[in-house]
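# Inside the fold
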Amino acid sequence: MIEAVDSYYRHSNANVHRGVYGLAQEATDLFEGARERIAAFAGGETDTTIFTRNATEAINLVAYAWGRSAVGPDDAVLITHMEHHSNIVPWQILCQERGARLRYLSVTEDGRLSLDELDAALSDGRVKLVAVAHVSNVLGTINPVAEIVARARAAGAATLVDGSQAVPQMPVDVGAIDADFYVWTGHKALGPTGIGVLHGRRALLESMPPFLGGGDMIASVGFESSTWNDLPWKFEAGTSPIAEAVGLGAAIDYLSAIGMDAVRAHERELTAYALDRLEEVEGVRAFGPVDPDGRGGVVSLELAGIHPHDLAEICDREHVCIRAGHHCAQPLMREMGVPATARASFHVYNTHDDVDRLIAALQTAREVFAL
Amino acid sequence: MIEAVDSYYRHSNANVHRGVYGLAQEATDLFEGARERIAAFAGGETDTTIFTRNATEAINLVAYAWGRSAVGPDDAVLITHMEHHSNIVPWQILCQERGARLRYLSVTEDGRLSLDELDAALSDGRVKLVAVAHVSNVLGTINPVAEIVARARAAGAATLVDGSQAVPQMPVDVGAIDADFYVWTGHKALGPTGIGVLHGRRALLESMPPFLGGGDMIASVGFESSTWNDLPWKFEAGTSPIAEAVGLGAAIDYLSAIGMDAVRAHERELTAYALDRLEEVEGVRAFGPVDPDGRGGVVSLELAGIHPHDLAEICDREHVCIRAGHHCAQPLMREMGVPATARASFHVYNTHDDVDRLIAALQTAREVFAL
Amino acid sequence: MDALYRDYILDHYKNPRNFGELDPHDREWLDHNPLCGDELGVHLVVDEDGTISDLRFHGQGCAISQASASIASEELIGRKIDEIGELSADWLIDLLGIEISPTRRKCALLSLKVMRGAATGDASWPE
Amino acid sequence: MDALYRDYILDHYKNPRNFGELDPHDREWLDHNPLCGDELGVHLVVDEDGTISDLRFHGQGCAISQASASIASEELIGRKIDEIGELSADWLIDLLGIEISPTRRKCALLSLKVMRGAATGDASWPE
Ligand SMILES: Cc1ncc(COP(=O)(O)O)c(C=O)c1O
Ligand SMILES: Cc1ncc(COP(=O)(O)O)c(C=O)c1O
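Notes on the structure in this doc start here. (Residues numbered from 1 in each chain as written. Chains lettered and ligands numbered in written order. Predicted model: local features only at pLDDT ≥ 70, side-chain atom pairs only at ≥ 80, totals over all residues. Heavy atoms only, no water.)

### Some thoughts on the overall build of chain C
Threshold: Secondary structure elements are defined from DSSP: runs of H or I of at least 4 residues count as helices, runs of E of at least 2 residues count as strands, and each element is numbered from the N terminus. As a reference, a globule follows 2.2 Å times the number of residues to the power 0.38, and the radius of gyration itself is taken over C-alpha atoms. Partly exposed residues are those whose accessible area sits between 20% and 50% of the maximum for their type, while under 20% is buried and over 50% is exposed, using a 1.4 Å probe and protein chains only. Each accessible area value is a Shrake-Rupley result obtained with a 1.4 Å probe; residue values ignore everything except the protein chains displayed when judging cover. Charged residues are defined here as Lys and Arg on the positive side and Asp and Glu on the negative side; His and the ends of the chain fall outside this count. Note on charges: their place is set at NZ of Lys, CZ of Arg, CG of Asp or CD of Glu.
Secondary structure assignment for chain C yields five helices and three strands. Traced from its N-terminal end to its C-terminal end, chain C shows the element sequence α-β-β-β-α-α-α-α. What you see for chain C is a C-alpha radius of gyration of 13 Å, in line with the 14 Å of a compact globule of 127 residues. Its C-alpha atoms put chain C at 45 × 25 × 25 Å along the principal axes. Counting every position in chain C, which comprises 127 residues, the buried fraction comes to 51%. Split by element, the accessible area of chain C, about 5,700 Å² in all, is 45% carbon and sulfur. For chain C, the distance from the average site of its 12 positive side-chain charges to the average site of its 24 negative ones is 5 Å.

Here is the structure:
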């Protein structure tokens, strides 16, 4: 990935879509070629695959360009207690602006959603959108998104799936999930910062007004008004994240070469091993589903008597990187009754050794804290 | 710049602002350190210097978060015929949505704005915002933005200056210009794609609602509503353009080392030389101010009998990169009565030789077209 | 001699055949190349038996797009309107007789796109 | 022995002094550390002559922020409320007696920020 970004800047650095000279053409080919591969990687179509700055911007794009006209007073937006702030705050802002209600699905003791509760929430017909994470960034839960989408659609609601944690760690086919909007983010998929992806349903994208106005998203600009470019460019204003797309393209090539089935198997295996070994450490509680088949490669935990913040500091000294905090999921923290958690993430580059070192670091922390 | 991005990814790749471990701290320091230097480079303050995806997003941020409440029916937004689409389309969308009027200042024969016309346009007190380019990307015109800002303020209008072309090529002091909003873009300043900059007046930024909702821009997230983070993060939702900021930081360090006075002198000198030599080529018309003191380092031209598109193709074969097209300034093209122009840009890495090669390429084009 | 800007291409560019408008006309179509802003419009007069009896194009663009329109116009007058939908990108590029790089392909094909649009209402790019 | 998590720091963390609330109280302040979410609130009772006669803090956070609040609370009871605004970051860090890395600085200083806020209304971070 680093090599691809680097080589782009050294050899093909010219603005895409503009000018006829050779360098610009090369940049366009690299950029649009990356789009094609990135779309295919997630099972999407090229021209309904829109590049944004990150997943957050992709969700806001939907909240502004689709939500401002589709959600009105008395309507509701349904999200869940396990969402990332990026999939909460845009809907709070939308609902406040439009006088709509924000509803939440709760999370069970073992970190899952209930389809019965979903049906109940949909039953009064007010829900215009269901927005849900494919994989929780705190609990690791893999949600049954295809089923959720089907039930929402049957109830007349549109759907947005936040795949930021899913796309990097398991085979994802957005065509099969069939949500109206599916978003993910580059930097979680071993790609660079500065790029996110929105796969949208063509009919919706075509009927939506644009979000950001500016260069590239127009067909022609008159004095009073303008006409919009075709998909996907209608939603990509200004200079595109060219190097970022090239870098993300290289990242998904790397993941494809390993094979997403293999990536998933590896993460399942490491997570299962970690859940097992964590039981050895006194005072540890791991959040989320107990069955490794139902969860991705993150484990959030709490160690009685040690604040997550201190735990992360001690692990860091032992060269084990874990993240402590609310993980941009304050509502979930509140529901779980903890101020924060410590979270270990596993990916293709991690091994059983890393899990062993984590366990050792947790034991060290207990010693430091004289527990 | 490439080295800085590369080294960031290799050595400090961790999400900013999150987690206590060392890598994250290092990334935060790099990112916020880059913000400090980038702000100082343009004469802005650190915490009112907001990173966006590009200049386009910065302008849209203002149009949404400030414009939606500040501009109402019967109000007007005043822009000019020489704006880039990025500084036109967001205002068209805003005006259409709010029932406001979009007014234009015209461009004189020699590519300049008239302050008298500005005063006349402001005189009825309806103008709520004046948005103007600091330097035109087509004509090269350096607009008297401090004067424009002062007159707009006296008439009760807010101001936005699009400095995308100015910051890279001349000393800019946004404090002295004193516009309410000043935006620019990274990739024009020898920096990476995927980053733009908004310098905003503190009082306005504090009173504006946020634009994009999500991670990092919140102080705390409740179930129904949230509270916002301090400046500048209130306007930076989701994962920040970390590598991009580091890269842009390196780019401005490079420019600072040369010295922006020296950069400006070099570009002035090359532009003057180019304007001189262009007179040798039969049929050439150069657009924009004739006095090199009043213009930056771009020269748009037309060559009678050869479409700009063909001109760019022939120059490309001669290894001279010029851009042909509307340069995201269709209204200006219409005003100038041309479908497109060919444009040469000069920067620190260009020399008199490059100008000579341009002139030779134009002569070759005339031969190919048997003129 | 230049491989792209051949004499006859430049000749068609400088002296376009069938340039202008037709009033009245039976069919018309207007389109542009979003990459470079070239615009091309066409007017057709169609006989009762479906023959294109007259055709004029107007607009502005580069040498390739203008010459392409001029050359194509000569070929299309006298053809049946039903045939136009069948004409492929290759047909036109062969007709032009020059090597078209991927970058300039849309310049060359805009004329066929517009003429096909007028004949069939199909707004897609010729393949 | 650990240079950061010294015995007396852990002792203050595990057995915080002056933890809780005071009702009634004369002054209160609540704030948090945006980096990690630590929250700290404080209640003060102030004598007629301006002496802090009682103080309780509540909230949750890491060992450093809790121990810092506990240690500071012992120092502040009995002081004049007017003095609190003068107390510097260095004063508190010296008091803690441990080496604070830049990353943990805000953890250590949150207690002083909150206590200063209650005394003076100043919401800035101590320098
Ligand atoms: C004057 C001007 N404004 C705005 C822009 C838009 O910049 P960006 O595409 O990075 O948003 C540009 C550059 O392309 C420009 O030259
Ligand atoms: C589940 C989930 N949603 C959304 C995001 C937001 O991604 P970004 O910050 O790149 O917009 C993240 C990652 O940080 C995430 O884990």
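Once you've had a look at it, read on.
### Let's talk about the pairing of strand E6 (residues 181-185) of chain A
All names here are of chain A. Quick note on the threshold: Strands pair, by our definition, only if DSSP identifies at least two bridges between them.
By the criterion of burial, E6 is predominantly enclosed, with five of the five residues buried. In E6, alternate side chains face the same way, and those of Phe181, Val183 and Thr185 on one face and Tyr182 and Trp184 on the other are all buried. Here strand E5 (residues 158-162) pairs with E6 via three bridges, running parallel. By the bridge assignment, Val161 is partnered in E6 with Tyr182.

### Remarks on the sheet that holds strand E3 (residues 52-60) of chain D
All names here are of chain D. The test is simple: To obtain each axis, a line is fitted to C-alpha atoms, and for helices this fit is confined to the stretch in contact; angles are then taken between N-to-C directions over 0 to 180 degrees. Here, residues are in contact when the closest pair of their heavy atoms is within 4.5 Å.
Judged by pairing direction, the sheet is antiparallel, and its three strands sit side by side in the order E1-E2-E3 without closing on themselves. Where the open sheet ends on each side, the last strands, each with one partner, are strand E1 (27-32) and E3. Each strand of the sheet is rotated relative to its neighbour by a mean of 15°, with strand direction disregarded. Across the sheet, helix H2 (residues 63-76) touches strand E2 (39-46) and E3, and the angle it forms with E3 is around 175°.

### Describing the relation of the copies chain A and chain B
We count it as follows: We superpose the copies by least squares over the C-alpha atoms of residues that have a pLDDT of at least 70 in both of them.
By a simple turn and slide, chain A fits onto chain B: the slide is 0.0 Å along the axis, the RMSD is 0.0 Å, and the turn is 180°. One copy is carried onto the other by what is essentially a two-fold rotation axis. A share of 99% of interface residues in chain A that are also interface residues in chain B marks the association as one of identical surfaces.

### Looking at the arrangement of the chains
When the five pairs of chains in contact are ranked by number of contacts, first place goes to chains A and B. One finds no contact linking chain C with chain D; the least C-alpha distance across the pair is 46 Å.

### Considerations on the site of ligand 2
Put simply, the test is: Here a residue counts as near a molecule or strand whenever at least one of its heavy atoms sits within 4 Å of it. Nitrogen and oxygen atoms within 3.5 Å of one another constitute a polar contact, given that in protein one can donate a hydrogen and the other can accept it, and given that sequence-neighbouring residues count only through two side-chain atoms. Charged residues are taken to be Asp, Glu, Lys and Arg, nonpolar residues to be Ala, Val, Leu, Ile, Met, Phe, Trp, Tyr, Cys and Pro, and polar residues to be all remaining types, Gly included.
Near ligand 2 there are 15 residues, and of these Thr56, Asp162, Gln165 and Thr185 of chain A together with Thr239 of chain B occur at the shortest range. Close to ligand 2, residues of chains A and B are found. Contacts to ligand 2 include Ala55 of chain A, whose backbone N or O atom sits 3.1 Å from an oxygen atom. Here an oxygen atom of ligand 2 and a side-chain polar atom of His187 of chain A are 2.8 Å apart. Summarising the interface, the protein chains cover 99% of the accessible area of ligand 2, which totals 390 Å² for the free molecule. Across the shell around ligand 2, the residue classes break down as one nonpolar, 11 polar and three charged.

### Brief notes about the state of the cysteines
Note the cut-off: A pair of cysteine sulfur atoms is labelled a disulfide when the two atoms are within 2.5 Å.
By the definition in use, this model includes zero disulfides over all chains. We note that Cys107 of chain C lacks a disulfide partner, and the nearest cysteine sulfur, in Cys62 of chain C, lies 3.9 Å from it.

### A look at the packing of aromatic side chains
Applied cut-off: Stacked, edge-to-face and tilted are the three classes for Phe, Tyr and Trp ring pairs, Trp counted by its six-membered ring, which pair at centre distances within 6.5 Å; planes under 30 degrees apart are stacked, over 60 edge-to-face, the rest tilted. For a ring to carry a charge above it, either NZ of a lysine or CZ of an arginine must fall within 6 Å of the ring centroid while also lying within 35 degrees of the normal to the ring plane.
Applying the stated rule across the entire model yields 20 aromatic pairs over all chains. With a centroid separation of 5.8 Å and an interplanar angle of 90°, the aromatic rings of Phe369 of chain A and Tyr13 of chain D are classed as edge-to-face. Residue Phe369 of chain A is found in the segment after helix H13 (352-368), and its partner Tyr13 of chain D is found in helix H1 (residues 7-14); the two belong to separate chains. The same class applies to Phe369 of chain A and to Tyr13 of chain D, which are both buried. An aromatic cluster of three or more residues is present, and its members are Tyr64 and Phe211 of chain A together with Tyr64 and Phe211 of chain B. In this structure, Arg334 of chain A is placed above the aromatic ring of Phe223 of chain B, and the distance from its NZ or CZ to the ring centre is 5.8 Å. Residue placement shows Arg68 of chain B over the ring face of Tyr64 of chain B; its charged tip is 4.2 Å from the ring centre.

### Observations regarding the interface of chain A and chain B
Convention followed: The term buried area denotes the loss of accessible surface (1.4 Å probe radius) that occurs when two parts are joined, taken as the sum for both partners. We define a salt bridge as a contact between a side-chain nitrogen of Lys or Arg and a carboxyl oxygen of Asp or Glu at a distance within 4 Å.
Facing the 75 residues of chain A at the interface are 75 residues of chain B. Taking both partners together, chain A and chain B bury about 6,200 Å²; carbon and sulfur atoms supply 57% of that area. Remark: the boundary between chain A and chain B carries two salt bridges. Residue Arg53 of chain B is joined to Glu57 of chain A by a salt bridge in which the shortest nitrogen-to-oxygen separation is 3.4 Å.

### Things to note about the pattern of salt bridges
Evaluation of the coordinates by the stated rule reveals 66 salt bridges over all chains. Its salt-bridge partner being Arg79 of chain D, residue Glu75 of chain D comes within 3.6 Å of it at the nearest N-O pair. Connected through salt bridges with shared partners, the residues Arg153, Asp178, Asp180 and Arg201 of chain A form a single ionic network.

### Digging into unusual backbone geometry
For the bond running from Asp23 of chain C to Pro24 of chain C, omega is 0°, close enough to zero to count as cis. Looking at the element boundaries, Pro24 of chain C is found in the loop between helix H1 (7-14) and strand E1 (27-32). Non-glycine residue Asp74 of chain B carries a positive phi angle of around 75°. Looking at the secondary structure, you find Asp74 of chain B in the loop between helix H3 (55-70) and strand E2 (76-80).

### Focus on the nonpolar core
Put simply, the test is: Side-chain atoms within 4.5 Å are what join buried Ala, Val, Leu, Ile, Met, Phe, Trp, Tyr and Cys residues into a set we call a nonpolar core.
Formed by 79 residues in total, the largest nonpolar core has its most connected members in Trp91 of chain A together with Trp91 of chain B. Excluding residues that lie within four positions of it along the chain, Trp91 of chain A makes contacts with Ile59, Val62, Ala63, Val77, Ile79, Leu102, Leu129, Ala131 and Leu160 of chain A.

### A closer look at the site of ligand 1
Around ligand 1 lies a shell of 15 residues, among which Thr239 of chain A together with Thr56, Asp162, Gln165 and Thr185 of chain B are the nearest. Surrounding ligand 1 are residues belonging to chains A and B, so the site spans chains. Within the side chain of Ser164 of chain B, one N or O atom sits 3.4 Å away from a nitrogen atom of ligand 1. Notes on ligand 1: free accessible area 400 Å², of which the protein chains cover 99%. Within the shell around ligand 1, the residues separate by chemical class into one nonpolar, 11 polar and three charged.

On their own, these measurements won't tell you what the molecule is for.
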